[in-house]
Amino acid sequence: MFRIILTALLLLTASPAVADVLIIAHRGASGERPEHTRMAYERAIEQGADIIEPDLVMTRDGILVVRHENEIGGTTDVAAHPEFADRRATRDIDGESVTGWFTEDFTLAELMTLRARERLPALRGTAFDGQEPILTFEQVLAIAREASARTGRTIGVAPELKHPSHFAALGLPMEDAFVAVLERHGLTGATAPVLVQCFEVGPLERLSARIDTPLLQLMAGEGGPADRPALTYAAMATPGGLAAVKAYADWIGADTAMIEPTPGAPSSLIADAHAAGLKVAAWTFRAENVFLPEADRVGAEPASHGRLRERLARFAGYGLDAAFMDQPGLARRP
């Protein structure tokens, strides 16, 4: 039902080239506002995004908050807070050594004293730094709910569970906290306007037995799931691997390079996924030249916008079902 509602809205609002592609605002309109902030989500909704995406991590007191990763030195002003200087640490996160400040070392109340800042200031500026606090998952659900009532169209939410095995090892069971939030808001059914993502496999398998909410298996161009060391994303993207994913998920979310290794020359991934009964989302569409294949760039300035709409139109032609976008408004302009 969620897919039917959104597709009908798209046919009324989108240009023909991308009319059948759901637009997922990647961390909100993160190409224009600091990611994962209220202003980023509201901007994305104003621009016509169908779904807003919050990445979820956990606080020391077990609350789901919205950050792209649990290390927050790059996206908040935590380094400017002398009271938290002793919280700086080095941790192993999914096999990678990371130094900074980690959400699991802060209570929600402490995190609420911080303010968000732009992750890519050289490309996107700092005009909106310091204005917005960190959001909880429930606050993002409220933003979508209120916007749906205000606009008269369904605004979906695509939460991504970040590093669930890491948090479980710390005694912070992310899956339990997540299901509890969905249950509180009546979002555990198959028609809920929610699309649950994860790069790990086990959390999605377990969630498939607990909720009917649509699930999406994320895949990167390299490596494999942190909780399945013997498994690679390349293997998961084969017809046999996709059949295995279909046993617990409804979607895959693939790196754009897995779908289009060379501009204009797609792989068979979308067709193979559709044959397995899976829908396909691609991540991430960004307008700046630095993020685009050379053939889609305009000029030599890294921060200048290239031919993003043309790129999205190619992927629509390949049969893409949804696109994660930093600048969702570009998909809705005539």
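Below: a short report on this structure. In this text, all values refer to a predicted model and were calculated from it rather than measured experimentally.

### Focus on the side chain of Arg27
Moving on, step 1. Checked against the element boundaries, Arg27 lands in the loop between strand 1 (22-25) and helix 2 (38-46).
Moving on, step 2. Assessed through its relative accessible area of 8%, Arg27 is described here as buried.
Moving on, step 3. A distance of 3.5 Å separates a polar atom in the side chain of Arg27 from a polar atom in the side chain of His26.
Moving on, step 4. Those residues in contact with Arg27 that sit more than four places away from it in its chain are Glu35, His36, Ala40, Tyr41, Glu53, Asp55, His68, Arg119 and Arg286.

### Observations regarding the packing of helix 2 against helix 5 (residues 137-151)
Moving on, step 1. Helix 5 packs onto helix 2 with a crossing angle of 30° between their chain directions and a minimal axis gap of 11 Å. Classed by the angle they form, the pair helix 2 and helix 5 counts as roughly parallel. Judged by the sense of rotation from one axis to the other, the crossing of helix 2 with helix 5 is right-handed. Across the interface between the two elements, Arg38, Tyr41, Glu42 and Ile45 from helix 2 touch Val140, Ile143, Glu146, Ala147, Arg150 and Thr151 from helix 5.
Moving on, step 2. Residue classes in the contact of helix 2 with helix 5 are distributed as five nonpolar, one polar and four charged.

### Notes on the pattern of salt bridges
Moving on, step 1. A complete count under the given rule lists 23 salt bridges for this structure.
Moving on, step 2. Glu32 is the salt-bridge partner of Arg43, the closest N and O atoms lying 2.7 Å from each other. Of this pair, Arg43 sits in helix 2 while Glu32 sits in the loop between strand 1 and helix 2, and the two are 11 residues apart along the sequence.
Moving on, step 3. Taking the relative accessible area as the measure of exposure, Arg43 reaches 24% and is therefore partly exposed.
Moving on, step 4. On the basis of relative accessibility, which here comes to 23%, the residue Glu32 falls in the partly exposed class.
Moving on, step 5. Residue Arg38 pairs with Glu42 through a salt bridge whose shortest N-O separation is 3.9 Å. Here Arg38 and its partner Glu42 are both found in helix 2, four residues apart, which amounts to about one turn of the helix.
Moving on, step 6. Among the charged side chains, a network of salt bridges with common partners joins Arg27, Glu35, Asp55, Glu69 and Arg119.

### Here we look at the nonpolar core
Moving on, step 1. In terms of nonpolar packing, the biggest core is built from 82 residues, with Ile52 and Leu320 touching the most fellow members.
Moving on, step 2. Non-local contacts of Leu320, meaning those with residues more than four positions away in its chain, are made with Asp20, Val21, Ile259, Ile270, Val280, Ala281, Ala282, Phe285 and Phe315.
Moving on, step 3. Leu195, Leu218, Ala281 and Phe324 belong to the second largest nonpolar core, which has 11 residues in total.

### Considering the pairing of strand 5 (residues 89-93)
Moving on, step 1. Pairing analysis gives five bridges linking strand 5 to strand 6 (residues 96-100), with the strands arranged antiparallel. Its bridge partner being in strand 6, Ile93 is matched across the sheet by Glu96.
Moving on, step 2. The antiparallel pairing of strand 5 with strand 6 creates a hairpin that spans two residues between the two strands, and Asp94 there sits at a positive phi of about 55°.

### Brief notes about helix 13 (residues 308-317)
Moving on, step 1. Taken together, the buried positions of helix 13 are occupied by Leu308, Arg311, Leu312 and Phe315. Considered in projection along helix 13, the buried side chains sweep an arc of 100° and stay on one side of the axis.
Moving on, step 2. Where helix 13 is buried, its residues contact strand 1, helix 11 (256-259), strand 12 (279-285) and strand 13 (322-325).
Moving on, step 3. With its phi angle positive at about 100°, Gly319 sits one or two positions after the end of helix 13.

### A few points about helix 5
Moving on, step 1. Spanning 15 residues, helix 5 covers 21 Å between terminal C-alpha atoms, matching the ideal 21 Å at 1.5 Å per step.
Moving on, step 2. Listed as buried for helix 5 are Phe137, Val140, Leu141, Ala142, Ile143, Ala144 and Ala147.
Moving on, step 3. On its buried face, helix 5 sits against helix 2, strand 2 (51-52), strand 3 (55-58), strand 4 (64-66), strand 7 (156-157) and helix 7 (174-184).
Moving on, step 4. Positive phi appears at Gly152, one or two residues downstream of helix 5, with a value of about 80°.

### A short note on the packing of helix 5 against helix 7
Moving on, step 1. Where helix 5 meets helix 7, the closest approach of the two axes is 11 Å, and the angle between their N-to-C directions is 30°. Every pair of crossing elements has a handedness; the one defined by helix 5 and helix 7 is right-handed. For the pair helix 5 and helix 7, the contacting residues are Phe137, Glu138 and Leu141 in the first and Phe178, Val181, Leu182 and Arg184 in the second.
Moving on, step 2. Taken together, the residues of the contact of helix 5 with helix 7 break down into five nonpolar, no polar and two charged.

### Structural notes on the environment of Ser268
Moving on, step 1. Along the chain, the position of Ser268 falls in the loop between helix 11 and helix 12 (269-275).
Moving on, step 2. The exposure class assigned to Ser268 is partly exposed, which follows from its relative accessible area of 43%.

The rules we used
Residues numbered from 1 in each chain as written. Predicted model: local features only at pLDDT ≥ 70, side-chain atom pairs only at ≥ 80, totals over all residues. Heavy atoms only, no water. Helix = DSSP H or I, 4+ residues; strand = E, 2+ residues; numbered from the N terminus. Buried < 20%, exposed > 50% of the residue type's maximum accessible area, 1.4 Å probe, protein only. Polar contact = N/O pair within 3.5 Å; in protein donor to acceptor, adjacent residues only side chain to side chain. Contact = heavy atoms within 4.5 Å. Axes fitted to C-alpha atoms, helices over the stretch in contact; angles between N-to-C directions. Parallel < 35°, antiparallel > 145°, perpendicular 65-115°, else oblique. Left-handed = near helix turned anticlockwise from the far one by under 90°. Nonpolar A, V, L, I, M, F, W, Y, C, P; charged D, E, K, R; others polar. Salt bridge = Lys/Arg side-chain N within 4 Å of Asp/Glu carboxyl O. Core = buried A, V, L, I, M, F, W, Y, C linked by side-chain atoms within 4.5 Å. Pairing = 2+ DSSP bridges. Arc of directions from axis to C-beta. Expected span 1.5 Å × (residues − 1).

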